[in-house]
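# Examining the three-dimensional arrangement
Spelled out from the first residue to the last, the chains are:
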Amino acid sequence: MLRIAVQKSGRLYDESLKLLKECGLHVDNGMDQLKAEVRNFPAEVYFLRNSDIPQYLEDGVVDIAIIGENVLSEKNANVYVLEKLGFSKCRLSIALPKNDEYIGIASLEGKKIATSYPNTLQKYLDEKQVTAEIHLISGSVEIAPNIGLADAICDLVSSGSTLFKNGLEEKDILFRSEACIAVNPTALEEKKDIIDEILFRVQSVLKARDHRYILFNIPNKQIKTVGKMLPVLKSPTVLPLLDEGWSSMHSVIHVDDFWKVIRGLKEHGAQGILVIPVENMVI
Ligand code: PRP
């Protein structure tokens, strides 16, 4: 039985459950449940407080977790990161009131900085040989300069709107973070097969998210040229249409190539271009 930890509430919650679902795990989670069975996979899901997850993971209470890299780093947890998941991207940044002068972290020498990330901040200050007073706050850190509690803050920034609303400006980035799959080192040995299976599914889902299946009709005389334009997995599929002189071509393309490819296809006479999301991709 694999014990999987996910955030009980917060920004990672929805995406974490969505990922498990896309990996084919049916989680029976009712309201306010702290533990849920997975119907079709030998696993249990534990809904835990974000900040507690690294410790549970390190102690082996859970085997793997979907967690932000920022939390792992702050807690200095002795765990392995198996895969970055591409969601909940944010940065841990220093921010100051908009008009305050800042020419680098040395500007905070002797100043007071409010944060929920004291360890990461202290490490950064030590590296830069800056001495500042760290004021630990567990939430709503952005309010601190406005109420005279601190000169600066060190907090997570995603869209930047919380900083903006509080008249603060991002000045320095300490750490870039995203959600990841982290694993307890002992579990990685003892439950290798089941962890490999989860990882395989996660990687297939992530790959599929970055790709689209496209199909279109194309005059036969353009097949060779268009075929060269498609960054395919192996080689595009070509099927004859009932109308003579025309074929249907099918391929899988990366989202980054999408508009360039579509434009090229149209220029070469492609018609009826259909673009379909890919649910899973095993290559
Ligand atoms: C985080 C963080 C900031 C905010 C930044 O808080 O602490 O306050 O998000 O996001 P933005 O740049 O998109 O405005 P969150 O809402 O996750 O809750 P928390 O205070 O519990 O950390």
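Residues numbered from 1 in each chain as written. Predicted model: local features only at pLDDT ≥ 70, side-chain atom pairs only at ≥ 80, totals over all residues. Heavy atoms only, no water.

So, about the sheet that holds strand β3 (residues 43-48). In sheet architecture, strand pairing relies on hydrogen bonds along the backbone and comes in two forms, parallel and antiparallel. The six strands are arranged β2-β3-β1-β4-β11-β5 in an open sheet whose pairing can be described as mixed. The sheet is open, and its two borders are formed by β2 (35-37) and β5 (80-84), each paired with just one other strand. When strand polarity is set aside, the average angle formed by the axes of neighbouring strands in this sheet is 25°. Pairing of strand β1 (residues 2-7) with strand β4 (residues 64-68), which is carried by two bridges, proceeds in the parallel orientation. Across the sheet, Ile4 pairs through a bridge with Ile64, a residue of β4. Across the sheet, helix α7 (residues 192-209) is in contact with β1, β4, β5 and β11 (179-183); its angle to β5 comes to roughly 30°. (Pairing = 2+ DSSP bridges. Helix = DSSP H or I, 4+ residues; strand = E, 2+ residues; numbered from the N terminus. Axes fitted to C-alpha atoms, helices over the stretch in contact; angles between N-to-C directions. Contact = heavy atoms within 4.5 Å.)

Time to look at the site of the ligand. Around the ligand, the neighbouring residues are Arg11, Glu142, Asp155, Leu156, Val157, Ser158, Ser159, Gly160, Ser161 and Thr162. Note that an oxygen atom of the ligand is positioned 2.6 Å from one of the side-chain N or O atoms of Ser159. In isolation the ligand exposes 500 Å². Once the protein is present, 65% of that is buried. Counting residues per element, the ones that place at least two in the shell around the ligand are β9 (152-157) and α5 (161-165). (Near = heavy atom within 4 Å. Polar contact = N/O pair within 3.5 Å; in protein donor to acceptor, adjacent residues only side chain to side chain. Areas by Shrake-Rupley, 256 points an atom, 1.4 Å probe, with all protein chains shown as cover.)

In this section: the sheet that holds β9. Strand order in the open sheet made by the five strands is β8-β7-β9-β6-β10, with mixed pairing throughout. Sheet topology places β8 (133-136) and β10 (168-177) at the edges, where each strand pairs with a single neighbour. Adjacent strand axes in the sheet meet at a mean angle of 25°, parallel and antiparallel pairs treated alike. Here strand β6 (residues 90-97) runs beside β9; their pairing, made up of five bridges, is antiparallel. Directly across from Ala95, in β9, lies its bridge partner Ile153. Helix α4 (residues 118-127) contacts β6, β7 (112-115), β8, β9 and β10 of the sheet and is inclined by roughly 170° relative to β8.

The next subject is the nonpolar core. Counting residues in each nonpolar core, the largest one holds 30 residues, and the members touching the most others are Ile4 and Leu85. Those elements that provide at least two residues to this core are β1, α1 (13-22), β3, β4, β11 and α7. With six residues, α7 is the single largest residue contributor to this core. With near-sequence residues (within four places) excluded, Leu85 lies in contact with Leu19, Ile66, Glu178, Ala179, Cys180, Ile181, Val202 and Leu206. Leu92, Leu96, Leu121 and Cys154 belong to the second-largest nonpolar core, a separate cluster that totals 16 residues. (Core = buried A, V, L, I, M, F, W, Y, C linked by side-chain atoms within 4.5 Å. Buried < 20%, exposed > 50% of the residue type's maximum accessible area, 1.4 Å probe, protein only.)

Its place among the elements puts Thr120 in helix α4. A relative accessible area of 11% means that Thr120 is categorised as buried.

So, on to the pattern of salt bridges. Scanning the entire structure with this criterion turns up 10 salt bridges. A salt bridge links Lys35 to Glu44; the nearest nitrogen and oxygen atoms lie 3.7 Å apart. The partner of Glu170 in a salt bridge is Arg91, and the shortest N-O contact between them spans 2.7 Å. With a gap of 79 residues between them, Glu170 in strand β10 and Arg91 in strand β6 connect regions that are remote in the sequence. (Salt bridge = Lys/Arg side-chain N within 4 Å of Asp/Glu carboxyl O.)

Excluding glycine, residues mostly carry a negative phi; peptide bonds, for their part, are mostly trans. The phi torsion at Ser88 lies on the positive side, around 55°, for a residue other than glycine. Topologically, Ser88 is positioned in the loop between β5 and β6. The residue Gln129 is not glycine, and still its phi comes out positive at about 55°. Turning to its location among the elements, Gln129 is positioned in the loop between α4 and β8.

On to the packing of aromatic side chains. A full pass over the atoms with the stated rule returns two aromatic pairs. Ring geometry for Tyr13 against Phe47: centres 6.1 Å apart, planes inclined by 50°, an arrangement best described as tilted. Of this pair, Tyr13 sits in helix α1 while Phe47 sits in strand β3, and the two are 34 residues apart along the sequence. Owing to a relative accessible area of 22%, Tyr13 belongs among the partly exposed residues under this scheme. For the pair Phe258 and Trp259, a centre-to-centre distance of 4.8 Å together with 80° between the ring planes defines the contact as edge-to-face. (Phe/Tyr/Trp six-rings, centres within 6.5 Å; stacked < 30°, edge-to-face > 60°.)

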